[in-house]
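Summary of the model geometry
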Amino acid sequence: MDLTQLAGRRLHVLVAEVPGALPVRWAAESALADRGWVVASSVADADLLLVCGAPGPELTSVVRGSLDLLPLPRGTAAAATPGDAADALDRAVAQWRGPVPPAADVHQQDARADDGDPGDEDDDDDGGMDMDMDMTGPGGIPLASGAEDRDGLEMDVLHVPLGPLLPGWPAGLVLTCTLAGDVVTGAGVEVLPAAGRRAPAPLDPGALRAETATRLLELAGRADRAADARAARTLVLAGDVSGAQRPWSRVQRTVRRSRPLAWSLRGLGRLDPVLVADHRLPAGLAGDVHQRLLGVVDDRLDDAAPGWPGAATPGWRSRLLGLLPDLVAGRELAEVRLLLAGLPADLTADATADTTMDATAPTREVSGG
Amino acid sequence: MAEVGPVGLVWVPVLAVVLAALTAVTATVDGALTGRADRPWAELARLLRQQRRTTLAADTLLGRGAVVLAPVIALLMAAVVPLGSWTVSDLSVGVVWFNALDVVLWAVFWLAGWGTNSALSLVGGYRFLAQALAYELPLMFALTAPAIAAGSLRVGDVVSAQHGLWFVVWMPVAFGVFCLAVLGFTARGPFAAPAGRDLAGGLTAELSGVDRLLLSAGRWALLVAAAGFGVSLFLGGGAGPLLPGWAWVLVKTVVLAVALAAAGRRVPLLRAERFTEVAWLVLLPAVLVQLLVVAVVVVV
């Protein structure tokens, strides 16, 4: 067996999910799991890049930039509908298998820095320090500046865009964070929308709950139970709700009984019930990450009524997105990630090209605009 | 049991082969336990075939140097582990040698996080240092217990001193702390946050190709080398029926390494600030009591 064949048994696929295209992502994830492949954690980790859904112009440029950062050999494809996902993976892997092109773009990052385009967001996904400030240091990248951290101590701060291609992250979301060490001291929120204007298709509430559980458990370090939750989601989507109950009950048991899990999550990412009520958000979002996880796994997956996160007035997603800068400020990076992973996975689903963000969201920092 | 004798530094290449083979066996068994025995081999092929990536204004010397150091430190740790009656270098301060090397890992992981000039990798470095502060002191005292019982810092003497009764039997606390710390300095299981998925891979976020391979294989090799050291210190070294001493060391090492990796998967990520509290307020006093017990037993 040659190297390519052996390597092809376990490719890492970076999934670029467009807002509202969660079903495409789900189809892609089960198609790649069937092949024994895994979801990549960063561009450097990826062999293939799969675009799920139809990205708008901004997201397209981010995806293009990210593709340039993938190590060779690489492949890419786009899946517009869930039915396309498996074919798209086949197309991408054909490129990956093909003759390795000369490594002309190894230094593409330097080239990009030279063109001096401050609107370039190639690095969004992997946290490269691609920011726009007056001072520039070696290689054209800005130097860290100083500011007070949450304890009032002078500290170097970095302006780091988080998203949109992070694992377990709402589709299309970009948080332009000001980081003091690993504490987020300020943030702007932006959603890179899908192309065109379409009402998102309603999602299976059971699958949505399983997705949220998957994301939380993966970030919390229980990859085994995250895999169970993902298996449950796949079965629910395939219509086998009773079969999904087996892996789902393992998830439920671990979440309810594991004391280390409770110990490591308790008190993190707390959302004040008063704030939740004031902004007419779903009641299930109140509390800390552990309480939300308990809420997510509270019911069987076959409930007709969506038990979690509970009923809310329309438009709650954009209200919640508008609150994010306040919610993440002062929290540590790991906590911000858990907070966002524990929100409903379709948080950005209604963001389309015509959606404007709430006025509360600060202007973009990366755009230099 | 036969006395442990050094065979000399010319055997280092042989030791490297043995360590690589044990690492391969351990990773394969671990892959089989998680569903796919060919997983590490497929990853190896994938990374060998993959282009090495550069980031803008990276500190190439320190960043790549750190990545290369990970497997080198594993080899240096293995150099003081007796394989039955042979050891590459039976240093008179073997226990301290191991301890010094695991402190060098602080620099390795910090520089790996620093070197690629990426905010998420840097945060991975911060996280490693934070949890290293928690596990390092309990680890130092845990390593002291077998040395006190044997009356020597020479690993060969510690193995010989376990004639009849393995130290794990009457030093369970020290052994437990040692195992936790091994997971800590290999950034694995509950201590995997420095390379966490929430940081898009943290320390490894910007690494591809041979760099990622060296760091990831290095972390496996460190787990195996530390397991081998743990076998010498707590699990009787080459003691066992039928098989020769060196075979017992190899078998026990793989079993301990696989067990540590498997146990790590059953525990969620521990937050550094919460674990530090436990490490300093519970583990440290517990391991000191363990030392007291050992000291009293030795004197009486």
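Rules behind the numbers
Residues numbered from 1 in each chain as written. Chains lettered and ligands numbered in written order. Predicted model: local features only at pLDDT ≥ 70, side-chain atom pairs only at ≥ 80, totals over all residues. Helix = DSSP H or I, 4+ residues; strand = E, 2+ residues; numbered from the N terminus. Rg over C-alpha atoms; globule rule 2.2 N^0.38 Å. Buried ≥ 20, exposed ≤ 12 C-beta atoms within 10 Å, placed from the backbone. Contact = placed C-beta atoms within 7 Å. Expected span 1.5 Å × (residues − 1). Arc of directions from axis to C-beta. Right-handed = clockwise from strand over helix to strand, strands pointing away. Pairing = 2+ DSSP bridges. Axes fitted to C-alpha atoms, helices over the stretch in contact; angles between N-to-C directions. Parallel < 35°, antiparallel > 145°, perpendicular 65-115°, else oblique. Nonpolar A, V, L, I, M, F, W, Y, C, P; charged D, E, K, R; others polar.

Some points on the overall build of chain B
A count of helical and extended segments in chain B gives 11 helices and two strands. In summary, chain B has a C-alpha radius of gyration of 19 Å against a globular reference of 19 Å for 300 residues, a match within 12%. Dimensions along the principal axes, computed over C-alpha positions, put chain B at roughly 60 × 40 × 35 Å. Per-residue burial for chain B yields a buried fraction of 61% across its 300 residues.

What to know about the interface of chain B and chain A
On the chain A side, the residues contacting the 42 residues of chain B number 50 residues. Elements represented by at least two residues in the side of chain B that touches chain A include exactly α2 (39-49) and α5 (119-150) of chain B.

Points about helix α1 (residues 12-33) of chain B
Residues and elements named next belong to chain B. Spanning 22 residues, α1 covers 31 Å between terminal C-alpha atoms, matching the ideal 32 Å at 1.5 Å per step. Those residues of α1 that fall on the buried side of the exposure criterion are Leu15, Val18, Leu19, Leu22, Thr23, Thr26, Ala27 and Asp30. Take α1 and look down its axis: the buried residues cluster within an arc of 165 degrees, on one side only. Set apart from the buried face of α1 by more than 90 degrees, the exposed residues are Pro13, Val14, Val17 and Ala21. Summarising the contacts, the buried residues of α1 are in contact with α2, α3 (60-78), α9 (209-234) and α10 (245-265). Gly35 occupies a position one or two residues after α1 and carries a positive phi of about 115 degrees.

Considerations on the pairing of strand β1 (residues 12-17) of chain A
Looking down a regular strand, the side chains alternate between one sheet face and the other. Residue and element names in this part refer to chain A. Across the six residues of β1, five count as buried, placing the element largely inside the fold. Traced from β1 through helix α2 (residues 22-34) to strand β2 (residues 38-39), the parallel crossover comes out right-handed. In this structure, β1 lies alongside strand β3 (residues 48-52), joined through five bridges in parallel fashion. The residue bridging Glu17 from the neighbouring strand is Cys52, located in β3.

Observations concerning the packing of α5(B) against helix α11 (residues 272-299) of chain B
Residues and elements named next belong to chain B. α11 packs onto α5 with a crossing angle of 5 degrees between their chain directions and a minimal axis gap of 9 Å. Compared by their axis directions, α5 and α11 come out roughly parallel. Partitioned by chemical class, the residues of the contact of α5 with α11 number 22 nonpolar, four polar and one charged.

Observations regarding unusual backbone geometry
Each neighbour pair has its own omega, and for A:Leu72 with A:Pro73 the value is -5 degrees, a cis peptide bond. Even without being a glycine, A:Arg280 presents a positive backbone phi close to 50 degrees. Its location among the elements puts A:Arg280 in the loop between α10 (273-278) and α11 (289-296). Residue classification places A:Arg280 among the partly exposed positions, given that 14 C-beta atoms sit within 10 Å. Unlike most non-glycine residues, B:Ala200 shows phi in positive territory, near 55 degrees.

Points about the environment of B:Val72
Residues and elements named next belong to chain B. Mapped onto the elements of the fold, Val72 is located in helix α3. Val72 gets classed as partly exposed once you count the C-beta atoms within 10 Å, which come to 17. Linking Val72 and Gln50, residues 22 residues apart in sequence, is a C-alpha distance of 22 Å.

A closer look at the sheet that holds strand β4 (residues 75-79) of chain A
All names here are of chain A. What the four strands build is an open sheet, ordered β2-β1-β3-β4; its pairing is parallel. On the outer flanks of this sheet lie β2 and β4, each paired with one strand and no other. Strand direction decides the pairing type here: β3 and β4, joined by five bridges, are parallel. Residue pairing in the sheet places Leu48 in a bridge with Gly75 of β4. Here helix α4 (residues 85-97) sits on the sheet in contact with β3 and β4, set at roughly 165 degrees to β4.

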